Amino acid sequence: MKYHKDIFEIIFHARGGQGAKTAAEILAQAAVSEGKFVQAFPSFGPERSGAPTKTYLRVSNKAIRTKEPVIDPDAVIVLDETLLESVKVTDGLDKNEALIVNTKKSAADVSHKLNFKGKVYPVDANGISLEIVGQPRPNTVILGKIVKITEMVKLESVTSEFQKIFEAKIGKENCEKNIAAIEKAYDAV
Amino acid sequence: MFKKDKTKLALTGGAAAALALKQIEPDVMPVYPITPQTPIIETYAKFCADGEAKTEMIEVESEHSAMSAAVGASAAGARTVTATSSQGLALMNEILYIASGMRLPIMMLVSARALSAPLNIHGDHSDVMGARDAGWIQIFCENTQEVYDKTIIGMKLAEAAKLPVMVIMDGFNTSHSVENLEVLDEKIVKKFLGEYRPEKHLLDVENPVTFGALALQNVYFEFKIDQEEAMWKAAKEYARIAEEYGKISGRKCGIFEKYKTKDAEKILILAGSTAGTAKDAVDDLRKKGEKTGLLKIELFRPFPYEKMAEALKNAKEIIVMDRALSSGSNAPLYSEIISSLYQIQDTKYKIQSVVYGLGGRDVFKKQIEDVVMGKIKSNYLT
């Protein structure tokens, strides 16, 4: 999938505390480092740990002026698969656009469950991060898959921004493990 | 390939304000947290804790105390800033008038938010409109970049005009949105502002003065006239400082922004973050052959009546979008536009008032286009 309109738009569905905002901000920083224009903001509802949340991300080659929420996304990311039961995550997605889900299920299973004709890309972000990092960190691991599918920024830009933001906080070793997990999600089929 | 540049960042409006403050490095910052302003003081407190800024931060027990401490610090001769939102600004109200009456150059960032009741923490302009008669200069920002730029401009303006300044961003829409930001080198910012040397201050023991003395029937009126004259003069000061800032930053800030208004038959007028969405709406409408323009309010107090009248003189239809009510009266910005038009003898305009976005209600480009096309008959864009 390539940039096909002026502004590439993403919606993240997650639960409060799962780090969707962090994920969107890392992608935003990565895009800025490539000289692109960005906008990232949460849907400003009541924020409670565990409640469903929406986070919006826009990336463009020209300045972004609009402040309206994203209603016609080019890709939708679902960080918590239990949301597939309760939230209409495919709203605004057509058959050429991508749904990326953190799940162990197959693409066919997810498509069938949602009765969705578009492209579904499952990735076991929980599994990958447990295996490599030793903790469930699906929000950053899934970045690898998002970059692979959308090609909105380069993988190196994301890992470099991750390192810049997190190395001091979590230490060099942990940071390297997280980056390895992001790279694995990028390569995962 | 784009060359990495440390002056090009992606930050929220709140973080951009804190970064501008770090470069200003005020002497004193009394603070009390309130959503959606808290990220500003939280980020700034971290700069101080990490030794990146040397401001004396004073944690107080309420916004009334925050503004009281700001008045004390500023009267003592310190470069003083604070930040607030909503109920916090309402609670400061009494002291806002004292700050302006004592001609204290306090700069305050406001992350504008709805007022209770019913309880709502989201963006609108009810709080700052409630403070519009308090003698403070009020400057609205559209986006993160303007928040950064106008925080610096606002500080210099306060000291030049000897009046307090509010720099206003839309709560959440701007304060919590990550957007591109270009920043100046800290040395350039410090040089632009210069060292703050108050003409008179309380710690100048060689030249003792009284601030806020008793002024009865014989002189109170003259004090107020002087203050009012200073306020009107501040418009020119603002324009001069914004132009000077433009020279060092390459970015234009002004009294208002005219977006495609030159040949516009219909002109939309509004303030704050919705201006971005409105510019996209203007472009779409022009593609459909509608000669539309946007006039974005930047300086709201003092209000530029004459310049506004001049800017609107060729319009046939004017739509004023307010993000606040003035209960029992016309919406605040609409009132000002009506007053501006009164200065033009030939009043041939069709003018409409539309209130939008109260309590953080989303506004879509399509809705703004519907307003311009006369499809919304109500005064409320819900």
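Residues numbered from 1 in each chain as written. Chains lettered and ligands numbered in written order. Predicted model: local features only at pLDDT ≥ 70, side-chain atom pairs only at ≥ 80, totals over all residues.

A. Representation of the overall build of chain B in the model. Looking only at helices and strands, one finds 12 helices and 15 strands in chain B. Its C-alpha atoms give chain B a radius of gyration of 21 Å, near enough to 21 Å, the size a compact globule of 382 residues would have. Dimensions along the principal axes, computed over C-alpha positions, put chain B at roughly 65 × 65 × 45 Å. Looking at chain B as a whole, 52% of its 382 residues are labelled buried. Contacts spanning at least 24 positions in sequence make up 81% of the contacts within chain B whose residues lie at least 6 apart. (Helix = DSSP H or I, 4+ residues; strand = E, 2+ residues; numbered from the N terminus. Rg over C-alpha atoms; globule rule 2.2 N^0.38 Å. Buried ≥ 20, exposed ≤ 12 C-beta atoms within 10 Å, placed from the backbone. Contact = placed C-beta atoms within 7 Å.)

B. Fine view of the overall build of chain A. The helix and strand tally for chain A stands at seven helices and six strands. Reading the secondary structure of chain A in the N-to-C direction produces β-α-β-β-β-α-β-α-β-α-α-α-α. Taken over the C-alpha trace, chain A has a radius of gyration of 15 Å; the compact-globule value for 189 residues is 16 Å, and the two agree within 12%. Here the C-alpha coordinates of chain A stretch approximately 40 × 40 × 35 Å along the principal axes. Counting all 189 residues of chain A, 49% fall into the buried class. The contacts in chain A between residues at least 6 apart in sequence include a share of 61% that link residues at least 24 apart.

C. How the structure looks around the sheet that holds strand 10 (residues 266-271) of chain B. Residue and element names in this part refer to chain B. Within the open sheet, the six strands sit side by side as 9-11-10-13-14-15. Their pairing is mixed. Strand pairing shows two members of the sheet lacking a second neighbour, strand 9 (256-259) and strand 15 (380-381), which therefore form its edges. Here six bridges tie strand 13 (residues 317-322) to strand 14 (residues 350-356), and the two strands are oriented parallel to one another. Looking across to strand 14, one finds that I318 is bridged to I351. Most of the contacts of helix 9 (residues 274-287) go to strand 11 (residues 292-297), to which it runs at about 165°, and overall it touches strand 9, strand 10 and strand 11. (Pairing = 2+ DSSP bridges. Axes fitted to C-alpha atoms, helices over the stretch in contact; angles between N-to-C directions.)

D. Summary view of the environment of S111 of chain B. Residues and elements named next belong to chain B. Along the polypeptide, S111 turns up in strand 5 (residues 107-112). For S111, a count of 33 C-beta atoms within 10 Å corresponds to the buried category. Residues S111 and S86, 25 residues apart in the sequence, show an inter-C-alpha distance of 8.0 Å.

E. Inspection of the sheet that holds strand 6 (residues 137-140) of chain B at higher detail. Residues and elements named next belong to chain B. Spatial strand order, 4-5-7-6-12: five strands in an open sheet with mixed pairing. A strand with exactly one partner marks an edge of an open sheet, and here the two such strands are strand 4 (81-84) and strand 12 (299-301). In this sheet, neighbouring strand axes are inclined to one another by 25° on average, regardless of whether the strands run parallel or antiparallel. Where strand 4 and strand 5 come together, four bridges link them in parallel fashion. Paired with T82 across the two strands is M108, which belongs to strand 5.

F. Region of interest: the nonpolar core. Counting residues in hydrophobic clusters, the biggest one holds 173 residues, and the most contacted among them are L27 and I142 of chain A together with I269 of chain B. The biggest single contributor to this core is helix 1 (residues 20-33) of chain A, with nine residues. Residues from two domains meet in this core; each of domain 1 (8-182 + 217-249) and domain 2 (258-381) of chain B gives at least three. Contacts of L27 of chain A, omitting those with residues within four sequence positions, involve L57, L143, I146, V153 and V158 of chain A. (Core = buried A, V, L, I, M, F, W, Y, C linked by C-beta atoms within 7 Å. Domains from an automatic or database assignment.)

G. Seen up close, the domain arrangement of chain B. Residue and element names in this part refer to chain B. What the domain assignment lists for chain B is domain 1 (8-182 + 217-249) and domain 2 (258-381). The gap between the C-alpha centroids of domain 1 and domain 2 is 26 Å. Taken together, the contact pairs 25 residues of domain 1 with 21 residues of domain 2. Of all the secondary-structure elements, those providing two or more residues to the side of domain 1 that touches domain 2 are helix 5 (126-130), strand 6 and helix 8 (220-249). If you tally residues by element for the side of domain 1 that touches domain 2, the top one is helix 8, at five residues. For the side of domain 1 that touches domain 2, the class distribution of residues is 12 nonpolar, nine polar and four charged. (Nonpolar A, V, L, I, M, F, W, Y, C, P; charged D, E, K, R; others polar.)

H. Highlighting the interface of chain B and chain A. Of the residues lining the interface, 24 residues belong to chain B; the matching set on chain A comes to 19 residues. Contributing elements (two or more residues each) for the side of chain B that touches chain A: strand 1 (8-12), strand 8 (178-182) and helix 9 of chain B. Sort the elements by how many residues they give to the side of chain B that touches chain A and helix 9 of chain B lands first, with five residues. As judged from the two bridges shared by strand 2 (residues 37-42) of chain A and strand 8 of chain B, these two strands associate in the antiparallel manner. Its bridge partner being in strand 8 of chain B, Q39 of chain A is matched across the sheet by E179 of chain B.

I. Representation of the pairing of strand 8 of chain B within the structure. Residues and elements named next belong to chain B. Within strand 8, four of the five residues are buried, leaving the element largely enclosed by the surrounding structure. With five bridges joining them, strand 1 and strand 8 adopt antiparallel strand pairing. Paired with K8 across the strands is E182, a residue of strand 8.

J. Examining the environment of L193 of chain B more closely. All names here are of chain B. Its location among the elements puts L193 in helix 7 (residues 186-193). Once the C-alpha coordinates of L193 and I248 are considered, the two residues, 55 residues apart in sequence, prove to be 12 Å apart. With sequence-adjacent residues up to four places away left out, L193 is seen in contact with I24, M155 and K156.

K. Looking closely at the packing of helix 6 (residues 155-170) of chain A against helix 7 (residues 172-187) of chain A. Residues and elements named next belong to chain A. Across the interface, helix 6 lies against helix 7 with an axial gap of 9 Å and an inter-helix angle of 155°. By the angle class used here, helix 6 and helix 7 are roughly antiparallel. Judged by the twist between their axes, the crossing of helix 6 over helix 7 is right-handed. Residues L155, V158, T159, F162, Q163, F166, E167 and I170 of helix 6 touch helix 7, and the partners they reach there are K172, N174, C175, N178, I179, I182 and Y186. (Parallel < 35°, antiparallel > 145°, perpendicular 65-115°, else oblique. Left-handed = near helix turned anticlockwise from the far one by under 90°.)

L. The arrangement of the packing of helix 4 (residues 125-132) of chain A against helix 5 (residues 138-150) of chain A in detail. All names here are of chain A. Following both chains from N to C, one finds helix 4 and helix 5 inclined at 110°, their axes separated by 9 Å at the closest point. Here helix 4 is positioned roughly perpendicular relative to helix 5, judged by the angle of their axes. Seen along the crossing, helix 4 lies across helix 5 with a hand that is right-handed. Taking contact as the criterion, the partners of A125, N126, I128 and S129 in helix 4 are, on helix 5, P138, V141 and I142. Of the residues that constitute the contact of helix 4 with helix 5, the class distribution is five nonpolar, two polar and no charged.

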